[in-house]
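Descriptive analysis of the structure
Each chain is listed here by its residues.
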Amino acid sequence: MPESQNKITGKEILYSILNSYSQVFFSTSKTLAVFLVVISFFDYGAGIGGLVAVIIANLLAWSLGYNTYLLRSGLYGFNALLVGLGVGLYYQPSPEVYILVAITALTCFFLTVVFQGVLGKYGLPFLSVPFLLTIWIVALSANSLSALNLSERGIFVYNELYSLGGKIFVDFYDFLEKSIGSSFIRIYFHSLGAIFFQTHLLAGIVIALGLLIYSRITLVLSFLGFTVAFLFYRLVGIEFDSLGYTFIGFNYILTAIALGGYYLVPGRISFGWIIILLPAVVLITTSTQQVFMLFRISPYSLPFNVIVLVFLYALKLREQRPRHLIETPVQLGKPEKNLYLYSGNMKRFPAAYPVSATLPFFGEWTVSQAHNGEYTHKGAWRHAFDFVITDRKGQQFKNEGDFAEDYYCFGKAVLAPADGIVAEAIDSIPDNTIGDVNTKDNWGNTVIIKHNETLYSKLSHLKFHSVEVKTGDSVKKGQLIGRCGNSGRSPYPHLHFQFQANPYVGSSTIDYPFGHYLLKEESGYSLKTFDFPQKDQVLANPSKNEVLAKALHFIPGRRMHVTVEVDSEKAKWKKLAGEYSWVTETDVYNTTFIHCLKNGERAYLYNQGDMHYFTNFYGKKHSPLFWFYVTLFKVPVGFQAKSRIDDTLPVHLLFKGILKYLQDFVAPLFLFLKADYQLITKEAGDILSSDSVKVKSVITKKIAGRKVKVCQSFTEVNLKGDFEISVKMNEAKIKMICRDELDS
C-alpha cells in the first residue's frame, strides 16, 4: 500500500505534532520535543498559538494526502509552529487572534509545500523560508489589523512568572538572574529562548538542558556559533548587548547546528567552516536589520537561511566527490549518529572513490614497481603499478629467462578492473626480445577503459595480437581484454596499470586505489579495502563463494525463522531466548534492511556483489538481530582460507553511560572510544569448498587504545543459506540458528 494511504493513528498524529517542535532544532527527539512544548507555554499566548498552528498544518497534510514519512518527521509542521508562536506572542489572546493563527498556518503550510518542491529540485532544504514569508506578511499587515490588540506580555516578566508558578518560581528566576553575571552567557540563553519566541532567561536554560540530553554535539555547536559571533562583534566594534533585546542571536546558533552537525557530517572540517562562515552571518544580520527597520519588521531568521542555503548549494556544484566536508547522505536525526556511523562508512565506502576496481588478473601477482617507483613511475606518471608473477624463490622466470615465454606472467589473462566502455585499443605492436625496448611506441599494446566521466584505467605492454576488445565495446568487471606481453618500453614481460582522468594513451596518472584485494602474508591473507598496493607485495582477487553469495543475498520479502538459546545467570540475557521472525524490507530511501517483527529492530545492509556490509542498526541493543548485525558486520562474498578482514563498528552501538556522553562532546575532534571488528576464516575447512563456510568474528572494545572487552562469535553457513551463530561473552553464551522460513 502506498505510504500516503496508510491508516492514520492517534500515535502518528501525536508524533507529527511533537516532531514539529523538535524539528526546529533539526531533530525528531521526543524528549527534546517535550522540553520545547513546555517552554513554548512560558508565554501562554505564544504556546497556544504555536499548538493551534501546528495542529492545523499537520491536519492539512494528513487530509490532502502528503507524504506521511515527512509528516511524521515534523517537516510539514515546524514552520507553521513558528508562525503560530510569533502571532500568539505579539497579540493578546482572543478568538480573532486564533482565527488569524489558523489562516497564517494554512498559508505557511502551502508555502512549505511550494518551497519543498522548488528547493528540493536542487537537493536543498526549505529551512524556515516559509515561516519568514508568512510572518513578514503578518507584520506588514499589523497596522490594518485594528480588531487585534498588541500584547504587553514580556514587559512585566516577574508578574507573568508569578502567574505561572507563584512566589517560588519568581524567587528561582531571580536567583538565576543574579547568579549569571556574564552578559555573554545571559544573551546566549536569551538567544536560545528567542528561537521559540520566549523573552526571558529561563526558557533558554530549559532549551539548553533539553539539547544536553538530546545531543551533546548540538549543544557544543550552539555555543560555538554564538561564541564566534560574539568574538567577531568585539573585533569589529559592533554593540553586542543589542542581541539581548533584538533577539536575533539565534541566527548564529542555528547556522552552527545546521552546518556543523546536521546537513554535514560533524568533524574538524565542518567546525572549521562554522568559524569561517559565522562572520558573514553577522554582517548579513546587521545589514538586514538596517533595511528591515525601514518597514518596522525584523529579519528574524533570514541570515541563517541565506548562509546555509548558499553554502549547501555551493557544495553541490563541486566537480569532484570530496574526502572531507561530506553532506549527510541519509539524515539519522542526531549529529552523534551521523558522525559515528558515517565516519566509519566513509572509510568503507570512500566518497572520493565512486568506482570499486578489482585487480586486473587471475591468481597471485607481485608488485614489481608501485607508486613513485625507482625506474619509470615518476613525475606525472608516478601513480602507476607494474605487476609480474613470481615463484616461491621470488623469480619472475624459469630457465635462464632469455625468452618471453620463460616469464610466468607472459600470455596470462588481463581483465577489466571495472565496468566501462573501451576508449582506446591498440593491438599491433610486436613484443620485444628480452632486454630490448621500443621507445617509439612507448606504451605498447594498450587498452584504455572509461569507467565514468573522470575515471579511466589503462593497461599496457599487452601481448601482440592478444587484445580481445575494440574501441567502443562495453566491458564488464573481470572480462578478458587481452594478455600480458612485452610490447613498448618493456625490457621484460609485465603488466603496467594506471588510473587516469583522460582517455589518451599518454595521459598522466591519478592517485586512485583498488576497491578490494587480498594481500598475502605469512599467516594467510588480509583483505584490503580502497587501498594502494606496495612494492614486492603479493596480491590476489577474492574468489566468489556460492554458499556465502546465496546466504548473504537479502532480497525484499525474504523471511527467516530464528531460534535463540542462552546460557547465562543474568535475567537480561535469559530473556533473549525464544523464537523470532525476521523479514527483509526496504524503506522510503530504497535501502534494504532486516526487520525483526517481534521487537521492531532494524539492521540496514548493503551488498555490492563482492562484499556484504551492515551499515546501520536501529532498536534494542544486544537483541538477537543486533548480534547478527555485529557478527556479520562486514563479510566478503569470497576470499581465501585463513584470511582476515578488519573494520570498525559504530561507537554509539557498543558504548553507553558516562563514557559515551564524554565521547560525544569531543567526537568531532577525536575518538577515544573504539570498537574493532575482525573476521577470520577458521583453519578447518576451505572457504572455497562447496559444502559450508566457517568464520570467526572478534569484537574488541577499546578505551584510549586499551582493550577493555572482547567478544567472539563463530558462524557456520551451509548450502541452504542457513546461519548457525555462537556468541561468547563473559556474561553469556548465545546460540542462534537462522533459517529461511520456507526451509524451516
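Okay, so let's go over this structure. (Residues numbered from 1 in each chain as written. Predicted model: local features only at pLDDT ≥ 70, side-chain atom pairs only at ≥ 80, totals over all residues. Heavy atoms only, no water.)

Here the focus is the overall build of the protein. Scanning the protein from terminus to terminus reveals 21 helices and 24 strands. Expressed as lengths along the three principal axes of its C-alpha atoms, the size of the protein is roughly 100 × 65 × 50 Å. Per-residue burial over the protein gives 53% buried out of 744 residues. In the protein, once contacts between residues fewer than 6 apart in sequence are set aside, the share between residues at least 24 apart is 65%. Carbon together with sulfur atoms contributes 58% to the accessible area of the protein, which is approximately 32,800 Å² in total. (Helix = DSSP H or I, 4+ residues; strand = E, 2+ residues; numbered from the N terminus. Buried < 20%, exposed > 50% of the residue type's maximum accessible area, 1.4 Å probe, protein only. Contact = heavy atoms within 4.5 Å. Areas by Shrake-Rupley, 256 points an atom, 1.4 Å probe, with all protein chains shown as cover.)

Turning to helix α19 (residues 624-631), a few remarks are in order. Counting buried residues along α19, eight of its eight residues qualify, which places the element largely inside the surrounding structure. Listing the buried residues of α19 in full gives P624, L625, F626, W627, F628, Y629, V630 and T631.

What follows deals with the packing of aromatic side chains. How two aromatic rings sit relative to each other is given by the distance of their centres and the angle of their planes. All told, the structure shown has 54 aromatic pairs when counted by the stated rule. For the ring pair W573 and W627, a centre distance of 6.4 Å and an interplane angle of 45° mean the geometry is tilted. Taken together, the residues W573 in helix α18 (residues 571-574) and W627 in helix α19 connect sequence positions 54 residues apart. W627 matches W573 in its accessibility class, with the two residues each being buried. Among the aromatic residues, ring-to-ring pairing joins F554, W573, W582, F614, F617, F626, W627, F628, Y629, F633, Y677 and F723 into one connected group. Above the plane of the ring of Y661 lies R216, whose end atom (NZ or CZ) is 3.9 Å from the centre. Stacked on the ring of Y580, the Lys or Arg K598 has its end atom at 4.5 Å from the ring centre. (Phe/Tyr/Trp six-rings, centres within 6.5 Å; stacked < 30°, edge-to-face > 60°. Lys NZ or Arg CZ within 6 Å of the ring centre and 35° of its normal.)

This part is about the state of the cysteines. As enumerated under the stated definition, the model contains zero disulfides in all. For C711, which is in no disulfide, the shortest distance to another cysteine sulfur is to C738 and amounts to 15 Å. The buried category is assigned to C711, whose relative accessible area is 8%. Among the cysteines around C738, which has no disulfide bond, C596 carries the closest sulfur, lying 11 Å off. Classification of C738 as buried rests on a relative accessible area of 0%. (Disulfide = S-S within 2.5 Å.)

If you walk through the whole model with that rule in mind, you get 21 salt bridges. A salt bridge links E364 to K520, with the shortest nitrogen-to-oxygen separation between them at 3.3 Å. On the criterion of sequence distance, the pair formed by E364 in the loop between α16 (335-348) and β1 (365-369) and K520 in strand β10 (residues 514-521) is long-range, its members being 156 residues apart. For E364, a relative accessible area of 32% corresponds to the partly exposed category. Look at K520 and you get partly exposed, because its relative accessible area is 41%. (Salt bridge = Lys/Arg side-chain N within 4 Å of Asp/Glu carboxyl O.)

Turning our eyes to something else, we now look at the nonpolar core. In terms of nonpolar packing, the biggest core is built from 171 residues, with F25, L192, F196, W582, W627, F628 and F723 touching the most fellow members. Leave out the neighbours within four places in its chain, and F628 touches F554, W582, I594, F614, F723, I725, M736 and C738. The next biggest cluster of nonpolar side chains, apart from the first, holds 37 residues, and it includes F387, C484, F499 and Y517. (Core = buried A, V, L, I, M, F, W, Y, C linked by side-chain atoms within 4.5 Å.)

For the rest of this paragraph, the subject is the packing of helix α11 (residues 216-236) against helix α21 (residues 657-666). Contact geometry for α11 and α21: axes closest at 8 Å, N-to-C directions at 35°. In this structure, α11 meets α21 at a crossing whose hand is right-handed. Within the contact between the two elements, α11 uses R216, I217 and V220 and α21 uses K660, Y661, D664 and F665. The class makeup of the residues in the contact of α11 with α21 is four nonpolar, no polar and three charged. (Axes fitted to C-alpha atoms, helices over the stretch in contact; angles between N-to-C directions. Left-handed = near helix turned anticlockwise from the far one by under 90°. Nonpolar A, V, L, I, M, F, W, Y, C, P; charged D, E, K, R; others polar.)

Right, let's get into the environment of L339. Assignment of secondary structure puts L339 in helix α16. A relative accessible area of 7% places L339 in the buried class. As for L339 and L649, which are separated by 310 residues in sequence, their C-alpha atoms are 12 Å apart. Contacts of L339, omitting those with residues within four sequence positions, involve I217, V265, P266, A667 and P668.

For a regular strand, side chains alternate in direction, first toward one face of the sheet and then toward the other. Relative to strand β20 (residues 673-681), strand β19 (residues 643-649) runs antiparallel, the two sharing six bridges. Bridging from a neighbouring strand, L649 pairs with A675 of β20. Inspection of the sheet shows β20 paired to strand β21 (residues 693-703) by nine bridges, in the antiparallel sense. When the sheet's bridge partners are listed, D676 is paired in β21 with T700. (Pairing = 2+ DSSP bridges.)

Here the focus is unusual backbone geometry. Positive phi outside glycine occurs at R296, with the angle close to 60°. Positioned with a positive phi, N372 is a non-glycine residue whose angle comes to about 55°. With respect to the secondary-structure elements, N372 resides in the loop between β1 and β2 (384-388).

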